[in-house]
Amino acid sequence: MINLLRSWDKDKTIPKPLYYRLYPSQEKPHKFYSLLKIHDENLPLRPIVSITGSIAYQAVKYLASVLRLLVDLS
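Source: prediction; values computed, not measured.

Caption draft 1: Structural view of the pattern of salt bridges. In the structure shown here, the tally under the stated rule is one salt bridge. Salt-bridge contacts for Asp9 lead to Lys16; the nearest nitrogen and oxygen are separated by 2.9 Å.

Caption draft 2: Representation of the side chain of Asp9 within the structure. Mapping Asp9 onto the fold places it in helix H1 (residues 2-10). Exposure remark for Asp9: the relative accessible area of 14% places this residue in the buried category. At 2.9 Å, the side chain of Asp9 forms a polar contact with the side chain of Lys16. In this view, Asp9 contacts Lys16 and Tyr19; residues no more than four positions away in its chain are not counted.

Caption draft 3: Seen up close, the confidence of the model for the chain. Looking at the chain, pLDDT values average 84 and 99% of them are 70 or higher. Here helix H3 (residues 57-73) stands out as the least confident element of the chain, with mean pLDDT 86; H1 is the most confident, with 89.

Caption draft 4: Just a nonpolar patch on the surface, in detail. Together, Leu36, Ile38, Leu43 and Leu45 make up an exposed nonpolar region whose accessible area comes to about 430 Å². Tracing the chain through its elements places Ile38 in the loop between strand S1 (31-36) and strand S2 (45-50).

The rules we used
Residues numbered from 1 in each chain as written. Predicted model: local features only at pLDDT ≥ 70, side-chain atom pairs only at ≥ 80, totals over all residues. Heavy atoms only, no water. Salt bridge = Lys/Arg side-chain N within 4 Å of Asp/Glu carboxyl O. Helix = DSSP H or I, 4+ residues; strand = E, 2+ residues; numbered from the N terminus. Buried < 20%, exposed > 50% of the residue type's maximum accessible area, 1.4 Å probe, protein only. Polar contact = N/O pair within 3.5 Å; in protein donor to acceptor, adjacent residues only side chain to side chain. Contact = heavy atoms within 4.5 Å. pLDDT = per-residue confidence, 0-100. Patch = residues over 30% accessible without salt bridge, like charges linked within 9 Å, V, L, I, M, F, W, Y side chains within 5 Å. Areas by Shrake-Rupley, 256 points an atom, 1.4 Å probe, with all protein chains shown as cover.

In structure tokens:
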């Protein structure tokens, strides 16, 4: 991710403010946990992966905002 951002910055593909916004400032591992599906028989588990605070969090947040704009236009 860092190498990709650096190449985009070098090629002037993205503006500096966006580069600094997407550049990961901290690296935390993803959190994995599970929730019980109490409405199903045998109580199976539903896996959950939380990326809040992880290296890709800001990039995913930015991508969601861009996609939200595109969906609103359609």
